[in-house]
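# Results of the structural survey
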Amino acid sequence: MQECPDPISKLTWDNALLISPVLAKKLQSQYPNLGLIPEPTMLNKNGQIAPDAADFNGGRQNAPVATLSLGDCSVDVPLYVQPGLADFTVVATIGLGRSQIGRVGQGSGYDATQLLDGSGAMVLSGATLSPTGKFKILANVQEHWSMEGRAIVREANADEYVSDPAFAAHMGAESHSPPMWGKDQKKSLQEKVTSTPRGNSAYEHPDHTYEKSDIFGIHQWGMTIDLNQCTGCSACVVACQSENNIPVVGKDQVLRGREMHWIRLDRYFSSPAREGAEIPSDVQVSFQGVACMHCETAPCESVCPVNATVHDEEGLNAMAYNRCVGTRYCANNCPYKVRRFNFFDWNKRKNDELYQGPVGDRNDGLVDLGKNPDVTVRMRGVMEKCTYCTQRIQESKIKTKIKAQQDAKYSASSSGLDTTLEIKDLKVTDGTIKTACQQVCPSDAIVFGDVSDPNSEVSKLKSNPRDYSVLGYLNTRPRTTFLAKVRNPNPKMPDFSSSPHAAREYHDKAHPSHHGDEHGANHH
Amino acid sequence: MADVQEAHPPEIMEKVKPAPWKEVPLVLNNRSFGWVTDKICGVVESKTPTWWWWCFIMALCVASFTGMGLVYLVSTGVGVWGNNNPVNWGWAIVNFVFWIGIGHAGTLISAVLCLLKQKWRTSINRASEAMTVFAVLCAGIFPLFHVGRVWFAWWLFPLPNANAIWPQFRSPLEWDVFAVSTYATVSVLFWYMGMIPDMAVLRDRAKETWRKYFYGFFAMGWRNANNHWRNFEMAYLLLAGLSTPLVLSVHTIVSFDFAVANLPGWHTTIFPPYFVAGAIFSGFGMVLTLLLPVRAVYGLHDLITQKHIDNMCKITLATGSLVGYAYAMEFFIAWYGANSYEGFAFINRAFGNYWWSYWIMVSCNVICPQLFWFKKIRENTPLVWIISIFVNVGMWFERFVIANTTLSRDFLPSSWGYYSPTVVDIFTFFGTFGFFSVLFLLFLRFLPLMPMCEVKSVMPQADPHGGEKH
């Protein structure tokens, strides 16, 4: 849990005092050495060109430590500028900074409970902040908070959705590039996943259609993630971690950008207008869970020199740990950056002795007992990533097959005929398999199933006009697609905008000729 | 045809009166064949100079950094380097491309210039070929050891095995395996074969027994016979022909590591020619860096003349300008292609979080070599040497810029990250210079640093017409 990022601040291992951008600016003007507001580099001093202002300097968040005093109590806290926080408000979270705790909790965070006056009130006023001149490095898993006008999380307001339900299809580079499936674009999803050849490869691929192949996968797995329903709770991240034996790597390694989560929750802020290099005060937040997309034409597969990542007949982008030598080319070539590399023997060594190599201490056996016995534990030097919980898929397939055999035997014994199994008997009933992330999602945002079955829930969702592929123009044909987000803001509210900020940022960038405020009104 | 022209020179010739063509001799001071032999063999036969020992021991110490870095790396994990999730290739691949690029000048000098009958190549080709071989050895370390499980790296070779699993021939890394191993093999062959007659000379002059055996073994029974020379020259020509496509192919394939990937800033068709030009550029930079001190130390001014330096400077200038053109063209295409990801990748290169590396690259690779337009500068040997160092630095940064700016900020801003090397990265790379120097010093000490036979063949004395113009 320490390594599960906070959904909004994306901090791991520590809590920080979230302060509003206006307060940050004020503090920065009083204490110029704080470094609260990222320094813009080169051309973005006057605006648009380089997006460094939305980044932490050097990829690490070097947070200034200040003393937060309230009444008689004071506590030293690292400051974190939180876009969207009301001016001159600070937010402290409780639960961290414990004094009596084991190895894992030591030194993480500060204890904000000291500030509570015992009355039970969680909202207090009259606090003061004074910088101590010290700094604390915070391990933030997302260094960049802006979507930079890219059509990654696609959004519209409700009335825009009503007038154009397929608004998501009209965004992104693929909206004005040749269709992803070429002449097969108009075919049904089921036809596409079962009969469209995988790319224009010079190599002959086995024809895995029902008619031509003995080994044809009788299912074709796919997933949808509904961005409308995602609340950013991060339960999927934790569930995946425990299901798939994903190692916890520790603060130091998170700082080096080596967190191992197979599914991560991207959080973007978008603002009514980005004023050059400033952190905006008034923002909208967009969440997006990103795991391996199981692309049909996966860029990772074609670059692996040893065939360690390959496609299986049911559409899974499979990872053969045993075959992986660890060139990491696949991770480079993954446009979604979902592949995770075992830089160390995370599972074998204690987190604080990783750098001691073979002379470091081994993890105690207790950790091993927490592992899921159905999932391989990976050694150092191999790549790993989301498998769509292939162990659960296999388990269900085996159970379905056993049941089908029993039924067939039963009917054979009653009718006196030989037993035969038909494909329809071997098909796993829709909804039987739930991936770990899907199982825990409290808002049912994640749906997994067989896309070759037109009646499965996932197929139905994929035919929703809101359905879109992230970076679809790359023609990766991801099996995980997203349902675009629809906001329904109250027009009477002062922060009402006729179009979501993320959509405005995209349209401003994609169609720079239409500038200005009238822009938000109508895009299509 | 020639007779006709001689009989009727064009009338214009009377008016313009062209200045007589001044052919600068390739060996100065009208030296004799014997002098050349004594000079080159003397380097090997003389007592080991003290400076050599100092340099050698220092180079060994530096080389040990690479050794220690690799031991730590293999025993502990790739995590000891600075690589992280968006930047999965850090210095290792940068260093690989850097070293492999350096090798290119050697092949160009020995093969392409041989086929083009550029006589001035003779006094620099042996050392450049040695540089090529050693640079390829240094380069090979990185792709081999950057993998997570180096003990399985042999899986990249198409060996028949019980699992019936083959390497994946669609992967540019797999192409690298073939490109680089071919390149290394042909370079070693070419280098060694050219040395055979010189080895025989050293064998025949040898006084100590070990020398007789050592050079005798490698001279492969060379007796200076007519048919030996005939075979030698034919084989040399064939190998030159074989190596010529390698000058283009190796760095083309290395560039595919990037160009075949789909990342903005990598996925461009300009990469192969741009990489080849850059490789030749960096190679000539390194040849100058190495040969100018060698020339000074061994007093080879009559053999490596100002003309040689001039020519190398001009090639550096030409390829440096080509590289500069490629940088500009990348920006143009990124804008013209109107892909916002691509456009961002290039703006980010120049003005993003690694802006400093981009401007180091531009100033070293594009601006610095422009000084070679001036004769005064080409004739100022120390300055040429300094500029050649800048070229090397610039080309390392070019690879750094290409590899890191793209990886650190690609498609999804949520996954952007910043890469910085660790001490282990730095020491491992630094150590390869020691490794390279160890090999080069051994080469200087034990092998003929110039092809005596070829140098003699371009001297006026070798001309049966005694320098008369016909």
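Sequence order as written defines residue numbering, which begins from 1 separately in each chain. Whichever chain is written first becomes A and whichever ligand is written first becomes 1, with later ones labelled in order. In keeping with the model being predicted, local features are shown solely for residues with a pLDDT of at least 70 and side-chain atom pairs are shown and tallied solely at 80 or more, while totals for entire chains, interfaces and linings include all residues.

## With respect to unusual backbone geometry
All names here are of chain A. Threshold: Under the scheme used here, helices are H or I runs from DSSP no shorter than 4 residues and strands are E runs no shorter than 2 residues, and both carry numbers assigned from the N terminus. Here the C-beta atoms are placed from the backbone, and a residue counts as buried if at least 20 other C-beta atoms lie within 10 Å of its own, exposed if 12 or fewer do, and partly exposed otherwise.
Phi is positive for Trp 13, which is not a glycine, with a value near 70°. Note that Trp 13 resides in the loop between strand E1 (11–12) and strand E2 (17–19). Look at Trp 13 and you get buried, because 23 C-beta atoms sit within 10 Å. A positive phi angle is found at Arg 328, which is not glycine, with a value near 65°. Mapped onto the elements of the fold, Arg 328 is located in the loop between strand E12 (317–319) and helix H7 (329–333).

## Some remarks on helix H15 (residues 381–408) of chain B
Since one α-helical turn is 3.6 residues long, residues separated by three or four positions face the same way. Rules: Take the number of residues in a helix, subtract one, and multiply by 1.5 Å to get its expected span.
Under the 1.5 Å per step criterion, the end-to-end length of H15(B) is 40 Å for 28 residues, consistent within 8% with the ideal 40 Å. Counting buried residues in H15(B) gives 20 out of 28 residues, a clear majority hidden from the surface.

## Topic: the sheet that holds strand E6 (residues 128–140) of chain A
All names here are of chain A. Applicable threshold: Two strands form a pair only when DSSP identifies at least two bridges running between them.
The sheet built from 6 strands is open, its strands ordered E1-E6-E3-E4-E2-E5 with mixed pairing. Every other strand in the sheet has two partners, leaving E1 and strand E5 (90–91) as the edge strands with one partner each. As judged from the 9 bridges shared by strand E3 (residues 61–70) and E6, these two strands associate in the antiparallel manner. Bridge pairing in E6 places Ser 69 opposite Thr 128.

## Some details on the interface of chain B and chain A
Condition: Working definition of a contact: two residues with C-beta atoms, positioned from the backbone, lying within 7 Å. Residue polarity follows a fixed list, in which Ala, Val, Leu, Ile, Met, Phe, Trp, Tyr, Cys and Pro are nonpolar, Asp, Glu, Lys and Arg are charged, and the others, Gly among them, are polar.
Listed by partner, the interface residues are 48 residues for chain B and 57 residues for chain A. Mapped by element, the contributors of at least two residues to the side of chain B that touches chain A are helix H4 (50–76), helix H7 (172–205) and helix H12 (340–351) of chain B. With 4 residues, the single largest contributor to the side of chain B that touches chain A is H12(B). Among the residues making up the side of chain B that touches chain A, the classes are represented as 25 nonpolar, 19 polar and 4 charged.

## With respect to the pairing of strand E17 (residues 480–483) of chain A
Residue and element names in this part refer to chain A. Because side chains alternate across E17, one face comprises the buried residues Thr 480 and Phe 482, and the other comprises Thr 481 and Leu 483, equally buried. Bridge count for strand E8 (residues 221–226) against E17 is 4 bridges, and the pairing is parallel. Pairing of Ile 225 across the sheet is with Phe 482, part of E17. Sheet analysis places strand E16 (residues 467–468) next to E17, joined by 2 bridges and oriented antiparallel. Note on E17: the bridge partner recorded for Tyr 468 is Phe 482.

## A few points about helix H11 (residues 306–337) of chain B
With 32 residues, H11(B) ought to run about 46 Å at 1.5 Å a step, and its terminal C-alpha atoms sit 45 Å apart, in line with that. Note on H11(B): the residue one or two positions beyond its end, B:Ala338, has a positive phi of about 60°.

## Looking at the sheet that holds E16(A)
In a beta sheet, neighbouring strands are held together by backbone hydrogen bonds and run either parallel or antiparallel to one another. All names here are of chain A. Taken in spatial order, the 4 strands line up as E15-E8-E17-E16 in an open sheet, and their pairing is mixed. The open sheet has two free edges, formed respectively by strand E15 (446–450) and E16, since each of these has just one partner strand. Pairing between E8 and E15: 5 bridges, direction antiparallel. Across the sheet, residue Trp 221 finds its bridge partner in E15, namely Asp 450.

## Digging into the environment of B:Val201
Residues and elements named next belong to chain B. Following the sequence through the fold, Val 201 ends up in helix H7. Val 201 sits 252 residues away from Cys 453 along the chain, and the two C-alpha atoms are 9.7 Å apart. Other than its neighbours up to four places away in sequence, Val 201 contacts Thr 37, Cys 41 and Met 452.

## Quick notes on the domain arrangement of chain A
Residues and elements named next belong to chain A. Convention followed: Note that domain bounds follow an automatic or database assignment of domains.
Domain parsing of chain A yields domain 1 (11–140), domain 2 (155–389 + 433–485) and domain 3 (391–426). Taken together, the 8 residues of domain 2 in the interface contact 6 residues of domain 3. Per-class residue counts for the side of domain 2 that touches domain 3 are 6 nonpolar, 1 polar and 1 charged.

## A look at the environment of B:Leu70
All names here are of chain B. For Leu 70, the position within the fold is in helix H4. In the structure, Leu 70 is positioned 20 residues away from Thr 50 in sequence and 31 Å away in space, judged by C-alpha atoms. When residues no more than four places from it in sequence are discounted, the contact partners of Leu 70 are Phe 145 and Thr 428.

## Points about the packing of helix H13 (residues 355–367) of chain B against H15(B)
All names here are of chain B. How we decide: Every axis corresponds to a line fitted to the C-alpha atoms, with the helix fit spanning only the stretch in contact, and the corresponding angles, defined between N-to-C directions, vary from 0 to 180 degrees. Helix crossings fall into two classes, left-handed where the near helix is turned counterclockwise from the far one by less than a right angle and right-handed where it is turned clockwise.
Following both chains from N to C, one finds H13 and H15 inclined at 140°, their axes separated by 8 Å at the closest point. Classified by chirality, the crossing of H15 by H13 is left-handed. Counted together, Ser 357, Tyr 358, Ile 360, Met 361, Cys 364 and Asn 365 of H13 and Phe 390, Val 391, Val 393, Gly 394, Met 395, Phe 397, Glu 398, Phe 400 and Val 401 of H15 form the full contact between these two elements. For the contact of H13 with H15, a count of residues per class yields 11 nonpolar, 3 polar and 1 charged.

## Structural notes on the confidence of the model for chain B
Convention followed: Every residue carries a pLDDT, the predictor's confidence in it, which falls somewhere between 0 and 100.
When pLDDT is averaged along chain B, the result is 88; 97% of the residues meet or exceed 70. Interface confidence for the predicted complex, given as ipTM, is 0.87, next to a pTM of 0.89.

## Focus: the nonpolar core
Nonpolar side chains in soluble globular proteins tend to be buried together. What counts here: The term nonpolar core refers to a set of buried Ala, Val, Leu, Ile, Met, Phe, Trp, Tyr and Cys residues connected through C-beta atoms within 7 Å.
Ranked by size, the top nonpolar core spans 247 residues in total, and within it A:Tyr80 and B:Val287 carry the most contacts. For this core, the leading source of residues is helix H5 (residues 91–115) of chain B, giving 16 residues. For this core, the two domains that each supply at least three residues are domain 1 (11–140) and domain 2 (155–389 + 433–485) of chain A.

## Regarding the environment of B:Trp373
Tracing the backbone shows B:Trp373 in the loop between H13 and helix H14 (375–379). Taking the C-alpha atoms as reference, B:Trp373 lies 9.8 Å from B:Ala318; in sequence the two are 55 residues apart.

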